[in-house]
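# Structural overview
The residues making up each chain are set out below.
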Amino acid sequence: MSMLPDALLFRIWKRETTAQGGLLSGVDPTVLTTADPLRLCIIRICMIVLIGRLLSLALGKIKQPKVIAEVLGGILLGPSAMGRIPGFTEHIFPAQSFSYLSLVANIGICLFLFIVGLEVDASIITRNARSSLFIALSTTALSFGLGAAISVPLYHNFIGPPVEFVHFMLFTGVSFSITSFPVLCRILTALKLLDTTVGVVALTASMCNDVFCWSLLALAVALVNGTSGLTALWILLAFVAFTVFLMWPVRIALLQFARFTGSLENGPTIFFMIVILIVLWACAFFTDIVGISAFFGAFLAGVIVPREGALAVSLTRKLEDVVTIVFLPLYFTLSGLNTDLGLLNTGTTWGFIIAIICLDFAGKFGTCTITSRISGMNWRESSTVGSLMCCKGPVELIILNIGLSTGILTRRMFSMFVLEALVLTFITTPLVLVFYRPEHRVRALAGEVPRWSIGDREEDLDDPQSPVTDDQPWRSRFTVVIDKFDHMSGMLAATQLALPSPRGTETCVNALRLIEMPDCNPEIRMSSAVRASIRADPVMGAFRTFGELNNIPVARSLCFVPHEDMSKTVSDHATQHGSELILLQWLPPSSIHGEDPCSPHSTKIEPTGTGNTATMIHSQFVRKILAESNTDVALFIDPGTSLSGTGPGSARHIFFPFFGGPDDRLALEFVMQLCTNPGISATVVRMLNSSAARVAAQWPSIVRPKLEDSDETRDTGYHGMPIQSTVVMPSISYGQTHFESETADTILWEQYVNSHSSFDIHPSICAALSCITFSEHSSSIPLHSAIHQASMRKPVLVVVGRSHRFGSDDLTQELENILKERGSVERDDDTRSTIGNAATAFVASGCTTAVVVLQAANASSAD
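Within an unreviewed UniProt entry, the label attached to the protein reads Sodium/hydrogen exchanger family-domain-containing protein, and the organism entered is Suillus plorans. In the Subcellular location (unreviewed entry) part of its UniProt record, the protein is described as follows: "Membrane".

## Some thoughts on the overall build of the protein
A count of helices and strands for the protein gives 33 helices and 12 strands. Across the 863 residues that make up the protein, the buried fraction comes to 57%. In the protein, once contacts between residues fewer than 6 apart in sequence are set aside, the share between residues at least 24 apart is 83%. Of the roughly 34,800 Å² of accessible surface on the protein, a fraction of 62% belongs to carbon and sulfur atoms.

## Focus on the environment of S501
Along the polypeptide, S501 turns up in the loop between α20 (488-498) and β3 (508-516). With 176 residues separating them along the chain, S501 and N677 place their C-alpha atoms 5.6 Å apart. Once you skip the residues sitting within four places of it in the chain, S501 turns out to touch T676, N677 and P678.

## A look at the nonpolar core
In this structure, L154, F168, F171, L217, I398, M413 and M416 are the most contacted members of the largest nonpolar core, which totals 130 residues. With residues near it in sequence (within four places) discarded, F171 still touches L217, A220, V221, V224, I399, I402, G403, T406 and I408. Among the nonpolar cores identified, the runner-up in size contains 52 residues, and M488, A494, A682 and V753 belong to it.

## Focus: the state of the cysteines
Each disulfide consists of one covalent bond between the sulfur atoms belonging to two cysteines. One pass over the structure, following the stated rule, counts zero disulfides. No disulfide involves C391; its nearest neighbouring cysteine sulfur is the one of C390, lying 9.0 Å away. A relative accessible area of 0% means that C391 is categorised as buried.

## With respect to the packing of aromatic side chains
Throughout the structure, instances matching the rule amount to 13 aromatic pairs. Taking the centre distance of 6.4 Å and the plane angle of 85 degrees together, the rings of F295 and Y331 count as edge-to-face. Of this pair, F295 sits in helix α14 (residues 294-303) while Y331 sits in helix α15 (residues 311-337), placing them 36 residues apart in sequence. Residue classification places F295 among the buried positions, given a relative accessible area of 8%. Taken together, the ring pairs connect Y155, F165 and F168 into an aromatic cluster.

## Considerations on helix α3 (residues 66-77)
With 12 residues, α3 extends 17 Å from end C-alpha to end C-alpha; this agrees with the ideal 16 Å at 1.5 Å per step. Of all the 12 residues making up α3, nine are buried; the element is thus mostly covered by neighbouring parts of the structure. Those residues of α3 that fall on the buried side of the exposure criterion are V67, I68, A69, E70, V71, G73, G74, I75 and L77. Along its buried surface, α3 packs onto α2 (38-60), α4 (88-92), α9 (181-190), α15, α18 (393-405) and α19 (411-435).

## A few points about helix α13 (residues 270-289)
Every α-helical turn comprises 3.6 residues, leaving residues that sit three or four positions apart pointing alike. Under the 1.5 Å per step criterion, the end-to-end length of α13 is 29 Å for 20 residues, consistent within 8% with the ideal 28 Å. Burial in α13 covers these residues: F272, M273, I276, V279, L280, C283, A284 and T287. Angular distribution of buried residues about the axis of α13 spans 130 degrees; they occupy a single face of the element. Set apart from the buried face of α13 by more than 90 degrees, the exposed residues are I270, I278 and F285. Once α13 finishes, G291 follows within two positions and takes phi at roughly 110 degrees, a positive value.

## Description of the confidence of the model for the protein
Across the protein, the average pLDDT comes to 76, with 74% of residues at or above 70. In the model of the protein, strand β1 (residues 453-456) stands out as the element of lowest mean pLDDT, 37, in contrast to helix α16 (residues 347-374), which has the highest, 94. Below a pLDDT of 50 lies the segment residues 12-21, which in the model reaches two contacts outside its immediate sequence neighbourhood of four places, other chains included. Note on residues 519-528: pLDDT under 50 across the span, and 49 contacts to partners over four residues away in sequence or across chains.

## Concerning unusual backbone geometry
Cis geometry is found at the peptide bond from P161 to P162, where omega equals 10 degrees. The topology assignment puts P162 in the loop between α7 (129-159) and α8 (165-177).

## Description of the side chain of H167
On the secondary structure map, H167 appears in helix α8. In this structure, H167 is in contact with L223, V224 and I408, ignoring residues within four places of it in sequence.

## Section: the pattern of salt bridges
For the structure shown, the criterion picks out five salt bridges. A salt bridge links K392 to D360, with the shortest nitrogen-to-oxygen separation between them at 3.2 Å. Taken together, the residues span a long stretch of sequence, with K392 in the loop between α17 (379-388) and α18 and D360 in helix α16 at a distance of 32 residues. Judged on exposure class, the residue K392 and its partner D360 are both buried. Where D572 meets K568, a salt bridge forms, and the shortest distance between an N and an O atom there is 2.7 Å. Here the residue D572 and the residue K568 both occupy positions in helix α23 (residues 566-576), the gap between them amounting to four residues, near one helical turn. Residue D572 is classed as partly exposed on the basis of its relative accessible area, which comes to 30%. According to the relative accessible area criterion, K568 is partly exposed, its value standing at 40%.

## Topic: the pairing of strand β4 (residues 554-561)
Here β4 lies mainly inside the structure; eight of its eight residues are buried. Neither face of β4 is left uncovered, since the one carrying V554, R556, L558 and F560 and the one carrying A555, S557, C559 and V561 both have all their residues buried.

Rules used throughout
Residues numbered from 1 in each chain as written. Predicted model: local features only at pLDDT ≥ 70, side-chain atom pairs only at ≥ 80, totals over all residues. Heavy atoms only, no water. UniProt positions renumbered as here; feature names shortened; annotations may be inferred. Helix = DSSP H or I, 4+ residues; strand = E, 2+ residues; numbered from the N terminus. Buried < 20%, exposed > 50% of the residue type's maximum accessible area, 1.4 Å probe, protein only. Contact = heavy atoms within 4.5 Å. Areas by Shrake-Rupley, 256 points an atom, 1.4 Å probe, with all protein chains shown as cover. Core = buried A, V, L, I, M, F, W, Y, C linked by side-chain atoms within 4.5 Å. Disulfide = S-S within 2.5 Å. Phe/Tyr/Trp six-rings, centres within 6.5 Å; stacked < 30°, edge-to-face > 60°. Expected span 1.5 Å × (residues − 1). Arc of directions from axis to C-beta. pLDDT = per-residue confidence, 0-100. Salt bridge = Lys/Arg side-chain N within 4 Å of Asp/Glu carboxyl O.

This is how it looks when you write it as structure tokens:
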């Protein structure tokens, strides 16, 4: 007994001493040693991941799933391509090393199938059971029949004894019937189809289809592993009993355990994760020892994880990165390594390959298209569902590898089916793009909202027809965007202020909560989990209470989206709900670090490129919304509680410097709407530089009164003169001339200021004008003058347009001078391009309580 530790120490010492020289001592790092295979494994893993990633980048340009790139990478590394290089296979992929690679790959595929099990949501199947079950059963039955039919000539030409025909027929039928649910999720995500009726039906049908096919595969494996029919029956019965045991006692126990550990409220704890992984490997072990593949146990372990509290989503986010980046490429590359295209060297072989592809496609596409049409879809939607159900991907490759490992399939037959799976998966995306163009897409109904987004809606909130009319001259439909929890209090106050008073029946708020989900996520946005999240989310709860207190219908939506899709989600959401204004918040860089940007000691704008990564990311998000939105946007800059009107520092007075341009014209209308709130007053000053004033003074008096060419402010002497309820404006866009935009500015200004001769007014407009003081100011340094006037009226809320009619060089040079005077950085292009020159000047000066930046629809260019 005493010699065992010494022997063990000697072996360890011997390994270390022999490895010290390494490459410098002439040791070939590619030589496989069974005692230490780590070096070769590192080389192979790096090659597999690198080649797979490069191919996926190329194929991703045409929206192809990564599994195609990974299998093609394996084919390139295998005997079909690089394996023909002398010495390559012997050094990099020697036959005796496949057991190590297969072990790591099988561990990864168990984790992958656990994640697939997490995706199976009974609530989706229940809500769409009638149409989806009909489609799934029909396509499974017909495809299995076609596979069984072609298995006869395949068996006689390529298989033969000692393989049992029944076993081969079952594997062929299942491979024909299967649809890859995980890859289908990725395709629907890439094509933005998850929230369409077609996406919901295809997702549910593929989920049902996978359940049927896995059950058939379990039967096939039981028959293969059973020495007799009675043994196969016992294997199948043991598997069914184990499944029942997991679905009821174990699932209930896991739910109670999740509540005990607090995993439902706060996400999975470490203790809960350890228990789940133990359950995963225990299930895989049991199904393997009873004669069913370990993969089935891993799949069942994912199915029984509780869906309450978005627990399954959180588990997926913790596991999926390492699985999709490392383990899955290993498994699918292993499939490619086992594929030898050199074996497909006869006309008969290629004839059968074409027959397999055509027959499988015809069965899937034809059956799904017809059954979808019978279920009530039109031909375009039915054809799209049929195309989506043709997707094969990793699930068929798993089946084929099981068939290869059990001896049912030969290398040639395996290569034929791998090629068929690649072709059908490859054509899925092009077919969907042909049949289902964006203009033909129909969003899912409220009862069919897919897993990526769910909202609770009040009656008639989705009617997009609520234009500004004579009876309702104010904007009344708002989309409020919250992408950060810190924005909640500010956005509640901003929403309260933006709502018109009095509020009509058309007034409604759409609260959109954005939660970032990585792009590599296989879109496990289960509707039941999201419903639980929307009930538990404090932001959603706060907006619901806000609606109840203000007697306003509030539609709440919670969206799990990748960061790069957030801005598009906001734009589409506002358009879909007919919103007239998007409200969102932007925080100055200093407030990211907990400082008050409006305090005298914190007027410096920190450079966004020096460590403020969070600010840069959020600014980019805001800019993309401003660039892509077809709806007017109001950007609140760090309002906090300053807009609520409840404290001594509340902003009850508005200062608006009117520089001109479409954004400023929108801002002027917004100021009038703000003044409908009790106790709110405003000062509106038209800012003119000296040269503009001289030109304007030469215009006919019928267009505007003559301006005094001075640096003094001239009060119009008029407060609250009536204005036409419908202002007739020339159609001025960003593409038109500078002169036309100035003309539109002057006409609008004169209609507001000199409208005492008009009697066709709305009472609420008259009330708003009674709270506004209009004046004009001419200066060669308009930004300095505007800041000076705002500082005389503290506390003040400043409203500005994002871009103006002045030449960009004028305001840009003056802004740089202001930043230098205030001790800020000399240039801050990120802040300036996000909120514009005027807003940057006010934020840097620290003279305001809060700033609101307005941008008109389709006006994304800033100063």
